[in-house]
Amino acid sequence: QVQLVESGGGLVQPGGSLRLSCAASRSIFRVYSMGWYRQVPGKQRDLVASITSGGSTNYADSVKGRFTISRDGAKDTVYLQMNSLKPEDTAVYYCYQLLRAYSDPDWGQGTQVTVSS
């Protein structure tokens, strides 16, 4: 089973930026999809952004134009650049990996992002 280690979360003021990283313990070259979900207490975990092995990306409407997902195959790492952050972006962000299209996802441990003045 792959290990996914997230980093880069923290406290930032509204309008600020953060970059999340998700480092995988094995090659992501042939991984079907990786990305980020987020969750606030009492609510379901929602997709934020995803990227396929072919480089296709998908974003939640609420983050389009502000967040950018990317992957570095040489480092087996996926990134989420978050700009123009809003208080409603506050959540625990979880990295996931789908080895195949219909496989069960592997999850990271989560990293807290807090947007507050």
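Our structure's up above, just so we're on the same page.
Nothing here was measured: the structure is a model prediction, and the numbers come from that model.

## Overview of the overall build of the protein
Stage number 1. Secondary structure assignment for the protein yields zero helices and 11 strands.
Stage number 2. Traced from its N-terminal end to its C-terminal end, the protein shows the element sequence β-β-β-β-β-β-β-β-β-β-β.
Stage number 3. What you see for the protein is a C-alpha radius of gyration of 13 Å, in line with the 13 Å of a compact globule of 117 residues.
Stage number 4. Across its three principal axes, the protein shows a C-alpha extent of roughly 40 × 25 × 25 Å.
Stage number 5. Out of the 117 residues belonging to the protein, those deemed buried represent 41%.
Stage number 6. Counting only carbon and sulfur atoms, one obtains 47% of the accessible surface of the protein, whose full area is about 6,300 Å².
Stage number 7. The average position of the 12 basic charges and that of the 9 acidic charges among the side chains of the protein differ by 3 Å.

## Let's talk about the nonpolar core
Stage number 1. Ranked by size, the top nonpolar core spans 28 residues in total, and within it W36, L80, M82 and Y93 carry the most contacts.
Stage number 2. Elements supplying a minimum of two residues to this core: strand 3 (18-24), strand 4 (33-39), strand 5 (46-52), strand 7 (67-72), strand 8 (77-82), strand 9 (91-98) and strand 11 (111-115).
Stage number 3. It is strand 3 that contributes the most residues to this core, four residues altogether.
Stage number 4. Beyond its immediate stretch of four places on either side in the chain, M82 contacts G16, S17, L18, L20, R66, F67, Y93 and V113.

## Some points on the state of the cysteines
Working definition: the covalent bond between the sulfur atoms of two cysteines is a disulfide.
Stage number 1. Throughout the structure, instances matching the rule amount to one disulfide.
Stage number 2. What pairs with C22 in a disulfide is C95, and their sulfur atoms sit 2.0 Å apart. Linking C22 and C95, the disulfide has an S-S dihedral of approximately -75° and is accordingly described as left-handed. Of the two residues, C22 sits in strand 3 while C95 sits in strand 9, which places them 73 residues apart along the sequence. Taken individually, C22 and C95 each receive the classification buried, so the pair is uniform in this respect.

## Digging into the pairing of strand 5
Regular strands place their side chains on alternate faces of the sheet.
Stage number 1. When strand 4 meets strand 5, the two strands line up antiparallel, connected through six bridges. Bridge pairing in strand 5 links W36 to A49.
Stage number 2. Here strand 4 folds back onto strand 5, and the loop between the two strands holds six residues, one of which, G42, carries a positive phi near 85°.
Stage number 3. With three bridges joining them, strand 5 and strand 6 (residues 57-59) adopt antiparallel strand pairing.

What counts, and at which threshold
Within each chain, residues carry numbers counting from 1 in the order of the written sequence. Totals for whole chains, interfaces and linings use every residue, but because this is a predicted model, local features are given only for residues with pLDDT of at least 70 and side-chain atom pairs only at 80 or more, for both listing and counting. With hydrogens and water set aside, each side-chain value is computed from the structure's full complement of heavy atoms. Where helices and strands are cited, they refer to DSSP runs of H or I of at least four residues and of E of at least two residues respectively, numbered from the N terminus. This radius of gyration counts C-alpha atoms alone. The globule rule is 2.2 Å times how many residues there are, raised to the power 0.38. Exposure categories follow from relative accessible area, calculated using a 1.4 Å probe and restricted to protein chains: below 20% of the type maximum is buried, above 50% is exposed, and the middle band is partly exposed. Using a 1.4 Å probe, the Shrake-Rupley method yields the accessible areas, and only the shown protein chains count as cover for residues. Counted charges follow a simple rule, with Lys and Arg positive, Asp and Glu negative, and His plus the chain ends left uncounted. Charged side chains are reduced to one point each, which is NZ for Lys, CZ for Arg, CG for Asp and CD for Glu. To form a nonpolar core, buried Ala, Val, Leu, Ile, Met, Phe, Trp, Tyr and Cys residues must be joined to one another through side-chain atoms within 4.5 Å. Should any heavy atoms of two residues lie within 4.5 Å, those residues are counted as being in contact. In what follows, a disulfide is any cysteine sulfur pair within 2.5 Å. By this definition, two strands are paired if DSSP reports at least two bridges between them.

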